[in-house]
2 protein chains.
Amino acid sequence: MASRGRRRSVGVVEMARDLGVSTATISRALNGSPSVRRELADRIRAHAQARGYVANRLARALSASTSRAFVGFVIPYVDTLAYSAVAAECASLLSAAGTQMILAITENDAEREYEQLRDLVGTRIAGLVISPTTHLLDETRRLLAELPVVELHRVSGIDAPSVLADDEQALTDSIVHLAALGHTDIAYLGTPRELSNGAIRLRGIRRGVAKAGLDPRRITMRLVEPTQENGRDATRELLTGGLPFTALVVGSGSLSVGAADAVRCSGRRLPDDLSLVVYGDPAWFVLADPPLTMIQVPYAGLARIAARLLLCALDARETGNPPPATGPHRVLAGLCVAGSTGPPPGRRP
Amino acid sequence: MASRGRRRSVGVVEMARDLGVSTATISRALNGSPSVRRELADRIRAHAQARGYVANRLARALSASTSRAFVGFVIPYVDTLAYSAVAAECASLLSAAGTQMILAITENDAEREYEQLRDLVGTRIAGLVISPTTHLLDETRRLLAELPVVELHRVSGIDAPSVLADDEQALTDSIVHLAALGHTDIAYLGTPRELSNGAIRLRGIRRGVAKAGLDPRRITMRLVEPTQENGRDATRELLTGGLPFTALVVGSGSLSVGAADAVRCSGRRLPDDLSLVVYGDPAWFVLADPPLTMIQVPYAGLARIAARLLLCALDARETGNPPPATGPHRVLAGLCVAGSTGPPPGRRP
DNA sequence: ATGAAAGCGCTAACAC
DNA sequence: GTGTTAGCGCTTTCAT
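Here the structure is a predicted model, which is why all the values come from computation and not from measurement.

Criteria and thresholds
Residues numbered from 1 in each chain as written. Chains lettered and ligands numbered in written order. Predicted model: local features only at pLDDT ≥ 70, side-chain atom pairs only at ≥ 80, totals over all residues. Heavy atoms only, no water. Near = heavy atom within 4 Å. Polar contact = N/O pair within 3.5 Å; in protein donor to acceptor, adjacent residues only side chain to side chain. Helix = DSSP H or I, 4+ residues; strand = E, 2+ residues; numbered from the N terminus. Domains from an automatic or database assignment. Buried < 20%, exposed > 50% of the residue type's maximum accessible area, 1.4 Å probe, protein only. Contact = heavy atoms within 4.5 Å. Core = buried A, V, L, I, M, F, W, Y, C linked by side-chain atoms within 4.5 Å. Least-squares fit on C-alpha atoms with pLDDT ≥ 70 in both. Nonpolar A, V, L, I, M, F, W, Y, C, P; charged D, E, K, R; others polar. Pairing = 2+ DSSP bridges. Axes fitted to C-alpha atoms, helices over the stretch in contact; angles between N-to-C directions.

What follows concerns the protein's contact with DNA strand C. The environment of DNA strand C is made up of 26 residues, and the closest members are Thr25(A), Arg37(A), Val12(B), Tyr53(B) and Ser63(B). When the atoms of DNA strand C within 4 Å of the protein are sorted by group, sugar and phosphate make up 65%. Arg37(A) is positioned with one of its side-chain polar atoms (N or O) 2.5 Å from a phosphate oxygen of DNA strand C. A distance of 3.4 Å is found between a base nitrogen of DNA strand C and a backbone nitrogen or oxygen belonging to Ala59(B). Elements with a minimum of two residues in the surface near DNA strand C: helix 2 (23–30) and helix 4 (57–63) of chain A together with helix 2 (23–30) and helix 4 (57–63) of chain B. A per-element tally of the surface near DNA strand C places helix 2 of chain A first, with 4 residues.

As a further point, take the domain arrangement of chain A. Reports often express the size of an interface as the amount of accessible area lost when the parts come together. We note that the domain assignment places domain 1 (12–55), domain 2 (67–160 + 300–328) and domain 3 (166–297) within chain A. Placing the centre of domain 1 of chain A and that of domain 3 of chain A at their C-alpha centroids yields a distance of 61 Å.

All names here are of chain A. By the secondary structure assignment, Thr-99 is in the loop between helix 5 (81–96) and strand 2 (100–105). Overall, the relative accessible area of 2% leaves Thr-99 in the buried class. Side-chain polar atoms of Thr-99 contact the backbone oxygen of Arg-68, separated by 2.8 Å. Those residues in contact with Thr-99 that lie beyond four places of it in its chain are Arg-57, Arg-68, Ala-69, Phe-70, Val-71 and Leu-94.

In this structure, Phe73(A) and Phe73(B) are the most contacted members of the largest nonpolar core, which totals 102 residues. Here Phe73(B) is in contact with Tyr83(B), Val86(B), Ala87(B), Cys90(B), Met101(B), Ile102(B), Leu103(B), Ala104(B), Val129(B) and Leu152(B), once residues within four sequence places are set aside. Core analysis: the next-biggest nonpolar cluster, separate from the first, contains 50 residues, Ala234(A), Ala260(B), Leu270(B) and Phe285(B) among them.

Overlaying chain B on chain A yields an RMSD of 0.1 Å, the required transformation being a rotation through 180° with an accompanying axial translation of 0.0 Å. The two molecules are tied by a two-fold rotation axis, judged by turn and shift. Most of the interface of chain B is mirrored in chain A, where 100% of its interface residues are also at the interface.

Right, let's get into the protein's contact with DNA strand D. Taken together, 26 residues lie around DNA strand D, and Val12(A), Ser27(A), Arg60(A), Thr25(B) and Arg37(B) are the ones closest in. Taking all atoms of DNA strand D within 4 Å of the protein, the share assigned to sugar and phosphate is 62%. In this structure, Thr25(B) approaches DNA strand D through a side-chain N or O atom, which is 2.6 Å from a phosphate oxygen. Looking at the surface near DNA strand D, the elements with two or more residues in it are helix 2 and helix 4 of chain A together with helix 2 and helix 4 of chain B. When its residues are assigned to classes, the surface near DNA strand D shows 10 nonpolar, 11 polar and 5 charged.

Residues and elements named next belong to chain B. Spatial ordering of the open sheet is given by 7-6-8-9-10-12, a layout of 6 strands whose pairing is mixed. With partners counted over all chains shown, the strands left at the sheet margins are strand 7 (219–223) and strand 12 (334–336), one partner each. Direction aside, the axes of adjacent strands within the sheet are offset by 15° on average. For strand 6 (residues 186–190) and strand 7, the ladder comprises 5 bridges, and the chain directions are parallel. When the sheet's bridge partners are listed, Ala-187 is paired in strand 7 with Thr-220. Strands in contact with helix 9 (residues 196–212) are strand 6, strand 7, strand 8 (247–250) and strand 9 (275–279); relative to strand 7, the strand with the most contacts, it is inclined by about 180°.

Here's what the structure looks like:
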C-alpha cells in the first residue's frame, strides 16, 4: 500500500534542483559529455543512481530528432527457426547497442504489412529488418525508401542490403545426391517463384537436374505459399496423385514440417519407399527416425549479419558515411545427408 | 535520387497552416473528437491522407503522459513454441489495439533482465508480459511493482495476473499411464523447483506416483535448467547411469528436444526399450517415429489470454477500474498418448 | 565548464 | 466549434 498512486518518476529538472545545477549539465553528465567537471559528473551520476533516475527514451528520441531508440522487426510469422532464432538474436544484439526492437507480424498480408510499417514510421524508428511480402504495396515502397532497411530471407527489389541463406547450391546438391542414388523421378515442393527465395531455390533445383543429367519432364514441381498446412496438403496430394516420383525435396522450413508429417501419415517408410530431403531447423529433424536428410541453415549467423548491417546503416545515416552495400549478404546453407535418403525402391540392392 | 535528403515529415503545425485552422483542431479531428464539424474533420483527414501524415507516436506518448503506445515482452529465449508462438500472437493482438510490442531477451539472467526492464521503463511502456527469471533482483521487483504486469509460464511471487499451462494433471496422467502399462521404475527429467512451473510439474509427478501406488524410491528425479543442451546431457547421463528405469518423462519443451535426441542417439527403440513422454510443441514431436506421447499445450490460447489480460490491466489503469484478478489463469494441457509409450521390456507380451 | 532558453511534435486545458 | 497556450522530458545551441 506504500506507493499506491505511482509517483511521477524523477526527471532532469528535479535532479537539477536537487543538485543546484542546470538541466543542461545533468543531461551532459549523464550522456558522458567531456565538458563537465569530472567530479561534478560523478556526483550527478551518483545522485541519478540514488534516486533511481531512468531517462525517458520518448523525450530523448523526440528531442534528438534522429535517434536509434527503436527499430522494427517485421516478419510474416514466427513459426520457424528462420524467424524466431533471428528475432531473438537480433533483439539481443540490438539491445546491446541501446536499441529496442519492436516486433511486427504481417501474416504475409500486404495490407497488414503496410499498416505495421506506418505505425513503425509513426514511432520514428531508426530503421528496420523486414521479411517482405511478395507484392509490396506502392505506399509500402514509399515508406521503405525513407529509412534504413535490411531485408531478411526475401528481397523485394528495393534498394537495400539483404541477408539471405545461400541455398541454391545446397538444393542443387540435393538433386545431385538423389540422382547419384539412382533416382530419376523426383518431386520438388517449394515456395512460389514470386517469393525471391522461392525463385532462387527453384533455380538450384533446375541446376541440379541439369547437372545430374536428369530428364526435366520427370521432375514434378509443386509451388505453394510456405505454411505448415500447405506443406501437409501439397505433400498429401503429391503422394496420392499417382505420380511416379521416388524422392521428394522440400524447399522451405514451414513446408518441411507439414511434408514430413504427411509422409509419416502416408505410411511410407524412409528411405525404403521414398527418399526425403527437408529444409531448415536442424534441432528437430534429427529426431525423426531415420533422421532426415536436410538443408541446414545457420540462422544465428544470419541474425548477426542482419543486426550488424542494420547498425551500420544507422551509423551511416548519422555520420553521413556511405551505407552498407546494397544487395545480398549470403550465409552458406549446406546439404546434410542423413538417413531419409537412399536408393529408389526399384534399385534396392 | 529524387528525395535524397529525407524531407522532414509533415506535422500538425504544417497541416494547420495548410488548412488555415489551429493545431488543436487538427489533433481533435485526427483523434475523432466529436467536437469538430463533420465537414471540417473530413477535410482534415483527407488532407492528412493526401500529405501522407503519420502521427509521431513519441510525441503523442510523451504528451499524453499515460499512453499505451508501447508494451514490453520479456522472455528468456525464443527457442520454443512456448515463447515464439505466444510472442507472435501477442504482437498481433496488441497491434490491433494500437500498441507496439518491444521484444526483450533475458537469456534467463537476472542482471540482463533488470537492464532490459530498466530500458523498457525508460520508454515508459504501458505494461508488460514477462516470463521472469528464477531469482528476481530486488531492483527488478521494484520496477515491476510500478506497472501492469502479466506473468507468462512462470510466476515469481509478484502481485500480478499470470497465464500458465495447467499441466499438473497432465503430468500426473503421464505417470498413471505408464504405471498402467506396467512400469514401476520411472525417471523424470524436469526443471528446478525454484522455477514456479518446475515445482508444479514436479507436484504433478508426485501425485501420479501416489495415485498409481508406485514406490517413490524407484522414481528418479533429475531437475535442470530448461535448455536443449541440458536436456541432451541429462538424458545421456540418465541413460548411461545404470539406473533401472524403463520410462522417461520430460517436463519441459526445451528439455524434450534434447532428451528426444539423446534417446535416439542412444539407440534405444521406442517404446520397446524405453517409454518416453515429452512436453510441448506438437507440430514436430509427431514427426518422430513412432510419434511421441506428449503433453500438449495450447499456446495460441495462452497468448490470447496474456494479451487480453494485459489490455485489461491497461484499461484498468486508465479508467481507474479494478485491475484483472491477480493470480493464475490456466489453460489446460493434456496428455496425448502416441507411440512412444508401451509396456516395459520385462513385461513384453 | 556551466546556465538559459528554444525547441522536438503532439495533446489538453482553458478561453472565446 | 475552434483557437491559444502551456506543457510532456529531454537535448542542444548560444551565451557567459
